[in-house]
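Residue-level structural notes
One letter stands for each residue in the lines below.
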Amino acid sequence: MERMEQGDGLPELDWHALKAEMKLAAASLGIDDIGIASADPFTELKDRLIRHREQGRESGFEEPDLDKRTNPSLLFDRPKSIIAIAVAYPSKLPDPPKSEPGARRGIFARASWGIDYHTALRNRLAKLEEWLYARVPGVRMESMVDTGALSDRAVAERAGIGWSGHNCSIISPKLGSWIYLGEIITNLPLPPDTPVTENCGECTKCIDACPTGALVGPGQLDSSKCVSFLTQTKGMLSDEYMRKIGNRLYGCDTCQIVCPANRGKNWTHHPELQPEPEQAKPLLLPLLKIGNREFKEQFGTVSGAWRGKKPIQRNAIIALGNFRERAAVPALADVLGTDPRPVMRGTAAWALGRIGGDAAEEALRQAQAVETDEEATAEIARAMIALSLQSEHDVEV
Ligand code: B12
Ligand code: SF4
Ligand code: SF4
């Protein structure tokens, strides 16, 4: 490649050739797709994000500064292009351990299988940076994945990685939506790719399958209703949402599982992203009493544990309630009677009300006499009513 000095201290290179060479090198860097986006402001996205906020549909996990989210030049001095990467992950758990009475299990969403994807992608972005440093003197770069200010999906869409699905996911025509996204803002004048032409067409499978109606329109998510979001909260949830969480401990995959673009897609070529069954589908009962150290040992390397053990433990209690797991009554009664966290006690009351039976009723009665927390007291009262309605129903039947 011919080299001459040009602005920003960069040599004059054949940027088309460099881009082609980089795409060829992707697989050797553990990257499944690379696309180039211009670093122009994301003007339409900004309008969209303003409306999204006005409608109260944010999750609270997004970067709050909408200018930074949509203007790369506020994050990087004189950006010229953004390199978007996609890394594909598995969708099938090999030899899944059985969830059965007495040994019920919860499930972590696929985006939490294997090592934390932030680590996996950062390693790859670092390798790609090294690759570029070795070829372009004067290159400047800033990498981000998930926690950066940019919308990873908007960058990927502009870079031609995939289309923006009705389920909100970026769907690659070749890889489907089981892909993690990341990007590098650069000062390199790489020629941009064009967005893909495929789209969802008339399909509404994901919207129809969403358990809570969180997909309020094509590509429009009300985060406050999304099960993925709900599993990551720490407070007490409503009866409706607790039922809909099922046995999910972290995240939700329903709108991707039903997607025809994902049919037959299960990516197993990155060993560190392969699930460890006891992490991906752990037994529920041991989670109720798990200590901080044990939790870190078992789940410290997975992305779904980023909010700590509290939401996972709460969700484990919910899952046991949804399984109506009689064998869990003593452990749930113990949580109700002794856990110092009101949310755990309140959720255990809900689970006991859902499971029913004499032992559950007795535990609720004992707790009712001593509970002082307002929210937990209300849950105990609701659970007692649920039990009395259940027994009336039993009599009628
Ligand atoms: C906040 C957040 C969440 C929130 C909110 C999700 C959401 N849909 O907004 C919650 C906690 C619910 C969540 C859940 C999940 N997340 Co998340 N999340 C993020 C985060 C940090 C920001 C997303 C955001 O800003 N959303 C706001 C919306 C409005 O903007 P956007 O989706 O970024 O941009 C699109 C829209 O604006 C749309 N758009 C633009 N203009 C217009 C106009 C109209 C009219 C319409 C309809 C749309 C539209 O096009 C843009 C590009 O697709 C990103 C990482 C990042 N930094 O970007 C990861 C990210 C989006 N999450 C990711 C994943 C994997 C998930 C889950 C699948 C995890 C799981 N299994 O539970 C679910 C999927 C839920 C879903 N259906 O979206 C991946 C997505 C990968 C992919 N293939 O698309 C990301 C990119 C992380 C990563 N780096 O890999 N997430
Ligand atoms: S992640 Fe689950 S709850 Fe959220 S939009 Fe998709 S199907 Fe609905
Ligand atoms: S299920 Fe259908 S509508 Fe939803 S994202 Fe997939 S192709 Fe698009």
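The structure this text deals with has already been given above.
For the structure given in this document, a descriptive report is provided here. As the structure is a prediction and not an experimental result, all values here were calculated from the model.

Analysis parameters
- Residues numbered from 1 in each chain as written.
- Chains lettered and ligands numbered in written order.
- Predicted model: local features only at pLDDT ≥ 70, side-chain atom pairs only at ≥ 80, totals over all residues.
- Helix = DSSP H or I, 4+ residues; strand = E, 2+ residues; numbered from the N terminus.
- Expected span 1.5 Å × (residues − 1).
- Near = placed C-beta within 6 Å.
- Nonpolar A, V, L, I, M, F, W, Y, C, P; charged D, E, K, R; others polar.
- Axes fitted to C-alpha atoms, helices over the stretch in contact; angles between N-to-C directions.
- Parallel < 35°, antiparallel > 145°, perpendicular 65-115°, else oblique.
- Contact = placed C-beta atoms within 7 Å.
- Pairing = 2+ DSSP bridges.
- Buried ≥ 20, exposed ≤ 12 C-beta atoms within 10 Å, placed from the backbone.
- Core = buried A, V, L, I, M, F, W, Y, C linked by C-beta atoms within 7 Å.

Across its 14 residues, helix α15 (residues 342–355) extends 20 Å between first and last C-alpha, which sits within 8% of the 20 Å expected from 1.5 Å per residue. Just downstream of α15 lies Gly356, where phi reads positive at about 75°.

Around ligand 1 sit 41 residues in total, of which Ser151, Ser164, Gly219, Ser228 and Gly251 are the nearest. For the shell around ligand 1, the secondary-structure elements that each account for two or more residues are α2 (43–54), α5 (152–158), β9 (179–186), β11 (220–221) and α7 (227–231). A per-element tally of the shell around ligand 1 places α2 first, with five residues. Its residues assigned to classes, the shell around ligand 1 shows 18 nonpolar, 15 polar and eight charged.

All right, on to the site of ligand 2 then. The environment of ligand 2 is formed by 13 residues, the closest being Cys210, Cys226, Cys252, Thr254 and Cys255. Elements represented by at least two residues in the shell around ligand 2 include exactly α7 and α9 (254–257).

What follows deals with the packing of helix α14 (residues 329–338) against helix α16 (residues 358–370). Each packed pair of helices is defined by two parameters, the angle between the axes and the distance between the axes. Running from N to C, α14 and α16 cross one another at 5°; their axes reach a closest spacing of 10 Å. Overall, the two elements α14 and α16 adopt an arrangement that is roughly parallel. On α16, the residues touching Val329, Ala333, Leu336 and Gly337 of α14 are Ala359, Ala360, Ala363, Gln366 and Ala367. Taken together, the residues of the contact of α14 with α16 break down into seven nonpolar, two polar and no charged.

The four strands are arranged β3-β4-β9-β6 in an open sheet whose pairing can be described as antiparallel. Looking at strand neighbours, the two that pair on one side only are β3 (33–38) and β6 (141–144), the edges of this open sheet. Put simply, the sheet's adjacent strands are angled 20° from each other on average, direction ignored. Across eight bridges, the pairing between strand β4 (residues 81–88) and β9 is antiparallel. Along β9, the bridge assignment pairs Ile83 with Ile184. Helix α4 (residues 117–135) rests against β4, β6 and β9 of the sheet, and its axis sits at about 35° to β9.

Next up on the list: unusual backbone geometry. The backbone of Asp146 shows a phi angle near 65°, a positive value even though the residue is not glycine. Positionally, Asp146 belongs in the loop between β6 and α5. Notably, Arg324 is not glycine yet its phi reads approximately 50°, a positive angle. Looking at where Arg324 falls in the secondary structure, it is placed in the loop between α13 (309–323) and α14.

The next thing to look at is the environment of Pro271. Relative to the assigned elements, Pro271 resides in the loop between α9 and α10 (277–280). On the basis of neighbour count, Pro271 is assigned to the exposed category, with 8 C-beta atoms found within 10 Å.

A separate point is the environment of Leu24. Secondary-structure assignment places Leu24 in helix α1 (residues 15–25). Accessibility expressed as a C-beta count within 10 Å gives 10 for Leu24, which makes it exposed. For the pair Leu24 and Cys226, spaced 202 residues apart in sequence, the C-alpha to C-alpha distance is 38 Å.

What follows deals with the nonpolar core. Judged by nonpolar contacts, the single largest core of 104 residues is most densely connected at Ala84, Val87, Leu332, Ala349 and Leu352. Among the elements that line this core, the one with the most residues is α15, at eight residues.

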